[in-house]
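Given next are the chains, with one letter for each unit.
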Amino acid sequence: QQPHEGAGTFQYTTLLHACRLSGEEDRESRDMALSTLQFMATHGDSKKRMWEDAEGARQVFVAAASFEGPEDEQARLYGLGALWNLAAEVSSRQAMWRDLATREAVVKAAKAESPLVRELAMGVLWNLSPKAANAGFLWQDEAARSAILEAAKAEAPELQQARSFAVAALQNMAEEATNRSSMWQDDFGAQVALVEAAKLVETGEKELRGRAVGALMNLAVDAGNKESMWSDEYGARQALIDAASLGVGVDDKSRSCALTALWCLAVEAANRVPMWADAEGTRSALLGAAAEPSNKEDTSEVTRRARERALGALQYLSTEEQNKEAMWQDEGTRRALIAAFETDPADRKSRGYALGTLWNLSACSANKRSMWQDEELARAAMLLAIHGKEEGTGADLTDTELRESGTAMLWHLTTLDDNKCDICNDGGARVALLMATALEGAGCQQTRAYAFGALRNLADEAKNRASMWQDEAGTRAAVLQHAQGTDFSDLPTRRAFRVLCAWSYEPSIATMVWEDATARMVLLRAARVADGIDAETNLCALRAMQALSVDAGNKAPMWNDVDGTRAAVLEAVQRCSPEDTKARMCAQCILKNLTTDAMLLEDMWHDMAVRSVLLTAAAAPGDDSDLAASRFRVIALAALRNIAGADGIKEFMWADELGCRAVVLAASQCGDHDSHELREAREHAMAALRHLAIVHTPEGTFGPPLWKGNDAVLAAISAAAQIEGQEPCDRKSREHALASLRYAMM
C-alpha cells in the first residue's frame, strides 16, 4: 500500500510502529517492517511522500541507517536501501543532503567495516551526487569526500561494487565545473583513484572502467586541466589512449568517453602538436575510430558516436600550423576523412567535422595545390558541401554549416596563384561559387562573404578577368548586383566591389567595364566622399578609375562625364589632409592619363579647375622636403607637357607668365646630382619646352620657338643638352633639349 492513501494508512502506520521496536525479541518484526517499507520506497509515487514524512518513514529509515552493531546490520541495510530508493527521486535529492541526520547516517555508513553497508551507503551518495543536485556540496564536504575517495581506491574483491558506486559518484561530481580543477589537482585522491580505475582491463571491470574514464572525460573539459592531463604521460594520458584504442563492442562506453576526453584535450593549443606527433597512441586511436566503418551500411549509434568524437579531435589538431602539412600528407588521415563522407548522409556532424578539418588544412600554403588536385576527397567534399546534392543518389545534403565550411575551403584554395586559373575554369567550382553568392536569409551571410572572397582572389589573376567579366549572366551579374550595396562594411558587398575593381585593370575589357552603366555607377559612387564610403573603398574606386583611364576608348567618355567622373576626380584631387594623399595622387594620375588624348587637350586647358589643380601641384617647391609634393609635381608637369602638344593652346600656355611658364622654367633648372623626382620633373619640363619650340604658322611653315630670346630657357636647354647621366629620365631630358635646339636653329 502507498503511504497515506485511504485504507493503506492503517497498514503504513502499523509498519512504522514496528520499525521503532527496540527489544531484542522484536528485531525480526522490525526488520520485516523495514524490508516492507524499503520495497514500498521503490514505487515512484511513494518516494517523495515517504521522504516528506519527516516524523514517519524518513525518521525510521535514518534511524535504521545509523545502527552500528552487527546484530542490527540487516536493519541498517534495509534503512540504507530505503534511503537509496528515496534518493532516486530527483526532487528530493537536495533536501536529503541538506538534512543533517540523513547526511551523517549515510556518510558514517560509507566508512563502515561491513562491505554491504559501505556498498549501500555509496549507492545513496551516488544517487545524491548528480550535478543538478549536490555535486558541488559532496566534493566540498570533507567527510563525504574522504569516504568516497577511500571507497574509490579500494582493491579488495568484496569492495568492488562499493568502489564502482564511488567512482560513479566522482563521475557525477566531475560534471560540476567548480569541482574539476580541485578534483584533478587532488593527486593522491581523486586523480589516482580515477586513473587507476580507468586502467582496469578485466571483462568484469568494464562498468567501473567506464565510469572512471567518464569522470576523466568530465575533468578534461576544464581549461585549466587540459595541459596537465596530457602531460600525465603514464597516468591519465595512457589510460585514455588505451580506452580510445579499444575495438568496437569491447567496451563501447569507455571508448566513447576516452575519445571525447581526447577531443577535449585537443582544444588546448599547447597539446595539439604532441598529440598529433604521438603516432602509435593518440593518432592511431583517433584515426582508427574516424575511419571505421568505411561503408554506409553500418549506421550503428556506437560507431557513429566514436567516429564523431574522433573527427572532432582531428579538427582541433588541424588548427595547429605545425600539424597542417603533415596531416594532409598522412594517408591514414585522408582515409579517415574519406570514410566520413562515405557514411550515412544523415550523419552530418561527422561530415561537418571532416569538412572542418579539410578547411583548416586548406589554410596551409603547402597543401593548397595538392588539395585542389585531389578530386576524390578534398575537391569532391568541398563541392558536395556547397552544392548540397550527392552525385549519383541525389540525396539532399543541404546544410548551412557544411556549405559555409565548403565555401570557406574554396576561398582558401583560391589564394594560391597556381590554383586560380584552374579553379576559375572549373565548371563545378564556378557553379558552386555562384550558388553560394545567391544564398539569402539568416545564416548565409558568411557563406556569401567567402564566395565573394574567392571570386576576388580569382579576379586578382589577370588571366581570369576577361572570362569572369564575359560570364554576363553568371559571375558579372552576381558581382554587380552585390557591389551596388550601400553598406561597404558588409563583407559580400565589399568583396564584390573589389572584384569589379580588379576587372578594371584588364585592358581587354576596360572599355566594356566603363560602358556598363551599373559598373560605372558603382565606381563613381565609391569615388566620392560620402556616408558609408570608407577611405579604403574610396581609394580602390579611384585606382580602378585610374586603370580605366589608361584605355583610349574611355578617355573621352570619362572627361565628358562632367557631373560624374570629372566632378569626382576634381573633388579627390583637391583634398588636403595627409590621409588623402594616395587618393589625391590617383585623381591627378587620372587627369594626366586623360591628357594623352589629343582631342581633349584644349578643353582640359580651358577648364579653369583642372588648370588650377595642375599648376598648383606643378608649383610645389623644387626640393626633397616633401616627397609627396614632389611626386604630385612630377605628375602635374607630365600632364602639362602633354597639353603643351596641342597647337591651339601653346601661345596661351607660354603667355601665362606667372603660371605655366614659371613652373616649366623652375622645373627645367635642375642639377645632375639632384633627386630622381627633380630630374624626372626636368624631363617633363624639357618635353614641354620642346613642344613650345614647334610653332606652326598659318602658311604651314614653322615659326620661331615661343621661348626664343628667353635667356633662362636657353640656359636650361643648353645645360640639359650636356647631361651625362644614363638614367632614363636623364637621357630623355638630353634628347628633348637637343631637339629643342634643333628646332630653334631651323
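Higher on the page you've got the structure.
Residues numbered from 1 in each chain as written. Predicted model: local features only at pLDDT ≥ 70, side-chain atom pairs only at ≥ 80, totals over all residues. Heavy atoms only, no water.

To continue, consider the overall build of the chain. Each helix and strand in the chain was counted, giving 46 helices and two strands. Relative to the globule expectation of 27 Å for 746 residues, the C-alpha radius of gyration of the chain, 42 Å, shows a markedly less compact shape. For the chain, the spread of C-alpha atoms along the three principal axes comes to 150 × 55 × 50 Å. Here the chain holds 746 residues, and 55% of them are scored as buried. Look at the contacts in the chain between residues 6 or more apart in sequence, and 67% of them connect residues 24 or more apart. Put simply, the chain shows about 31500 Å² of open surface, and 51% of that area lies on carbon and sulfur atoms. (Helix = DSSP H or I, 4+ residues; strand = E, 2+ residues; numbered from the N terminus. Rg over C-alpha atoms; globule rule 2.2 N^0.38 Å. Buried < 20%, exposed > 50% of the residue type's maximum accessible area, 1.4 Å probe, protein only. Contact = heavy atoms within 4.5 Å. Areas by Shrake-Rupley, 256 points an atom, 1.4 Å probe, with all protein chains shown as cover.)

If you look at the biggest cluster of nonpolar residues, it comprises 233 residues, and the most contacted ones within it are Leu37, Phe61, Met122 and Leu358. With nine residues, helix α17 (residues 252-266) is the largest single contributor of residues to this core. Once you skip the residues sitting within four places of it in the chain, Leu37 turns out to touch Tyr12, Leu15, Leu16, Cys19, Met50, Val60 and Phe61. (Core = buried A, V, L, I, M, F, W, Y, C linked by side-chain atoms within 4.5 Å.)

In this section: the pattern of salt bridges. For the structure shown, the criterion picks out 34 salt bridges. Note that Arg631 is salt-bridged to Glu680, the shortest N-O span being 2.9 Å. Highlighted residues: Arg631 in helix α41 (residues 627-643) and Glu680 in helix α44 (residues 676-693), separated in sequence by 49 residues. Between Arg641 and Glu683 there is a salt bridge, and its shortest N-O distance comes to 3.5 Å. Placement of the pair is Arg641 in helix α41 and Glu683 in helix α44, with a sequence separation of 42 residues. When sorted by exposure, Arg641 lands in the same class as Glu683, which is buried. The network of salt bridges with common partners includes Arg27, Arg30, Asp31 and Asp72. (Salt bridge = Lys/Arg side-chain N within 4 Å of Asp/Glu carboxyl O.)

Counting through the fold element by element, Asn360 comes out in helix α23 (residues 348-361). Overall, the relative accessible area of 16% leaves Asn360 in the buried class. Expressed as a C-alpha distance, the spacing of Asn360 and Gln315, which sit 45 residues apart in the sequence, is 7.5 Å. Excluding anything up to four places from it in sequence, Asn360 contacts Gln315, Ser318, Thr319 and Lys324.

All right, on to the environment of Glu376 then. In this structure, Glu376 sits in the loop between α24 (365-373) and α25 (378-387). Judged by its relative accessible area of 62%, Glu376 is exposed. Separated by 38 residues in the primary sequence, Glu376 and Ile338 have C-alpha atoms spaced 8.3 Å apart.

On to the environment of Ile241, then. Inspection of the secondary structure puts Ile241 in helix α16 (residues 233-244). Residues Ile241 and Phe165, spaced 76 residues apart in sequence, show a C-alpha to C-alpha distance of 24 Å. Not counting the four nearest positions on each side in its chain, Ile241 is found in contact with Trp230, Asp278, Gly281, Thr282 and Ala285.

It is worth spelling out the packing of α16 against α17 at this point. Orientation of α16 relative to α17, taken along the N-to-C sense of each, is 130°, at an axis distance of 7 Å. Between α16 and α17, the interaxial angle falls into the category oblique. Here α16 runs over α17; the crossing is left-handed. Where α16 abuts α17, its residues Leu240, Ala243 and Ala244 lie against Ser254, Arg255, Ala258, Leu259, Ala261, Leu262 and Leu265. Looking at the contact of α16 with α17, its residues break down into eight nonpolar, one polar and one charged. (Axes fitted to C-alpha atoms, helices over the stretch in contact; angles between N-to-C directions. Parallel < 35°, antiparallel > 145°, perpendicular 65-115°, else oblique. Left-handed = near helix turned anticlockwise from the far one by under 90°. Nonpolar A, V, L, I, M, F, W, Y, C, P; charged D, E, K, R; others polar.)

The next point concerns the packing of aromatic side chains. Here the structure, examined in full by the defined rule, presents seven aromatic pairs. Aromatic pair Trp411 and Tyr450: ring centres 5.1 Å apart, planes at 35°, arrangement tilted. Separated by 39 residues along the polypeptide, Trp411 in helix α26 (residues 400-413) and Tyr450 in helix α29 (residues 445-459) bring together distant segments of the chain. Residue classification places Tyr450 among the buried positions, given a relative accessible area of 10%. Between Trp469 and Trp503 the ring centres are 5.6 Å apart and the planes differ by 80°, which places this aromatic pair in the edge-to-face class. Within this pair, whereas Trp469 is found in helix α30 (residues 462-470), its partner Trp503 is found in helix α32 (residues 491-503), the two being separated by 34 residues in sequence. The class for Trp469 is buried, based on a relative accessible area of 1%. (Phe/Tyr/Trp six-rings, centres within 6.5 Å; stacked < 30°, edge-to-face > 60°.)

The terminal C-alpha atoms of helix α2 (residues 27-40) lie 20 Å apart, and with 14 residues this matches the ideal 20 Å at 1.5 Å per residue to within 8%. Every buried residue of α2 is accounted for by Arg30, Asp31, Ala33, Leu34, Leu37 and Met40. (Expected span 1.5 Å × (residues − 1).)

What follows concerns the packing of α25 against helix α28 (residues 427-437). Across the interface, α25 lies against α28 with an axial gap of 9 Å and an inter-helix angle of 35°. Handedness of the α25/α28 crossing: left-handed. Within the contact between the two elements, α25 uses Leu383, Ile386 and His387 and α28 uses Gly428, Ala429, Val431, Ala432, Met435 and Ala436. Class assignment of the residues belonging to the contact of α25 with α28 gives a composition of seven nonpolar, two polar and no charged.

The next subject is the side chain of Lys47. Structurally, Lys47 can be placed in helix α3 (residues 44-52). For the buried Lys47, no salt bridge is present, and the opposite-charge side chain at shortest range is Glu89, 7.0 Å distant. Within the structure, the side chain of Lys47 is placed 3.1 Å from the backbone oxygen of Ala41, a separation counted as a polar contact. Within the structure, Lys47 has its side chain in polar contact with the backbone oxygen of Asn85 (distance 3.3 Å). Among residues more than four places away in sequence, those in contact with Lys47 are Ala41, Thr42, Asn85, Leu86, Ala88 and Glu89. (Lys, Arg positive; Asp, Glu negative; His and termini not counted. Polar contact = N/O pair within 3.5 Å; in protein donor to acceptor, adjacent residues only side chain to side chain.)

Turning to helix α13 (residues 187-198), a few remarks are in order. Think of an α-helix as turning once every 3.6 residues; residues three or four places apart then point the same way. Looking only at α13, the buried set comprises Gly189, Ala190, Gln191, Ala193, Leu194, Val195, Ala197 and Ala198. For α13, the elements touching its buried residues are α9 (135-140), α10 (142-152), α11 (160-173), α12 (177-185), α14 (206-220) and α16.

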